[in-house]
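# Structure at a glance
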Amino acid sequence: PVPRGANETLGIGIIGVGGMGSGHMDALINLAKNGKENLRVVAVSDVCKPRLDGAQSKAQSAQGGEVHAYRDYTELLARKDVDAVWICSPSQFHAEQI
């Protein structure tokens, strides 16, 4: 990732957008909307296509603009605009997704 300055927007990626991941995504978007954090969800990843499509659509509607969606989390991790990642997949996958 490219280092960000103190006032630059942080790009957030979320791996796993089921119940836990979508809840975290909503909370992050609300923090940004309420001016409490300078961040933007820029990418989401999930192996379940309908869940992935729903999260992408929800994030795009809530924030405006494009949110990238990937079934393969390594594509999300390769993005230069992702500064931080929320790993919300089942816990047995966390170690490999770091």
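The following paragraphs examine the structure supplied in this document.

Rules behind the numbers
- Residues numbered from 1 in each chain as written.
- Predicted model: local features only at pLDDT ≥ 70, side-chain atom pairs only at ≥ 80, totals over all residues.
- Heavy atoms only, no water.
- Helix = DSSP H or I, 4+ residues; strand = E, 2+ residues; numbered from the N terminus.
- Buried < 20%, exposed > 50% of the residue type's maximum accessible area, 1.4 Å probe, protein only.
- Contact = heavy atoms within 4.5 Å.
- Pairing = 2+ DSSP bridges.
- Axes fitted to C-alpha atoms, helices over the stretch in contact; angles between N-to-C directions.
- Right-handed = clockwise from strand over helix to strand, strands pointing away.
- Parallel < 35°, antiparallel > 145°, perpendicular 65-115°, else oblique.
- Nonpolar A, V, L, I, M, F, W, Y, C, P; charged D, E, K, R; others polar.
- Expected span 1.5 Å × (residues − 1).
- Arc of directions from axis to C-beta.
- Salt bridge = Lys/Arg side-chain N within 4 Å of Asp/Glu carboxyl O.

### Things to note about the overall build of the chain
Within the chain, the secondary structure is distributed over 3 helices and 4 strands. For the chain, the N- to C-terminal ordering of α and β elements is β-α-β-α-β-α-β. Every one of the 98 residues in the chain was classed for burial, and the buried ones make up 32%. Excluding contacts between residues fewer than 6 apart, the proportion of contacts in the chain whose partners are at least 24 apart in sequence is 73%.

### Quick look at the sheet that holds strand S2 (residues 39-45)
With respect to topology, 4 strands assemble into an open sheet ordered S3-S2-S1-S4, the strand pairing being parallel. Looking at the sheet topology across the chains shown, the edges are occupied by strand S3 (68-70) and strand S4 (84-87). If you compare each strand with its neighbour and ignore which way they point, the axes differ by 25 degrees on average. Of the pairings in the sheet, the one linking strand S1 (residues 10-15) to S4 comprises 4 bridges and is parallel in character.

### A short note on the pairing of S1
Buried residues dominate S1, accounting for 5 of its 6 residues. Of the pairings in the sheet, the one linking S1 to S2 comprises 6 bridges and is parallel in character. Following the sheet pairing, Ile15 is matched in S2 by Ser45. Between the parallel pair S1 and S2, the chain is carried across by helix H1 (residues 19-33), and the sense of this crossover is right-handed.

### Re the packing of H1 against helix H2 (residues 49-63)
As a packed pair, H1 and H2 sit with axes 11 Å apart at the nearest point and diverge in direction by 10 degrees. Taken together, the axes of H1 and H2 lie roughly parallel to each other. Residues Met25, Asp26, Ile29 and Lys33 of H1 form the contact with H2, whose own contacting residues are Ala55, Lys58, Ala59, Ala62 and Gln63. Class assignment of the residues belonging to the contact of H1 with H2 gives a composition of 5 nonpolar, 1 polar and 3 charged.

### Comments concerning H1
Each α-helix turn comprises 3.6 residues. Residues three or four places apart therefore point the same way. The terminal C-alpha atoms of H1 lie 21 Å apart, and with 15 residues this matches the ideal 21 Å at 1.5 Å per residue to within 8%. Along H1, the residues that are buried comprise Gly21, Met25, Leu28 and Ile29. The arc enclosing the buried residues of H1, seen along the axis, measures out at 95 degrees, which places them on a common side. Turned more than 90 degrees away from the buried face of H1, the exposed residues are Gly19 and Met20. On its buried side, H1 packs onto S1, S2, H2 and S4.

### Notes on the pattern of salt bridges
Throughout the structure, instances matching the rule amount to 4 salt bridges. A salt bridge links Lys58 to Asp26; the nearest nitrogen and oxygen atoms lie 2.9 Å apart. Remark: Asp26 occurs in helix H1 and Lys58 occurs in helix H2; sequence separation between them is 32 residues. A relative accessible area of 42% places Lys58 in the partly exposed class. Residue classification places Asp26 among the partly exposed positions, given a relative accessible area of 26%. Where Asp46 meets Arg51, a salt bridge forms, and the shortest distance between an N and an O atom there is 3.0 Å. Among the residues examined, Asp46 registers a relative accessible area of 7% and is labelled buried.

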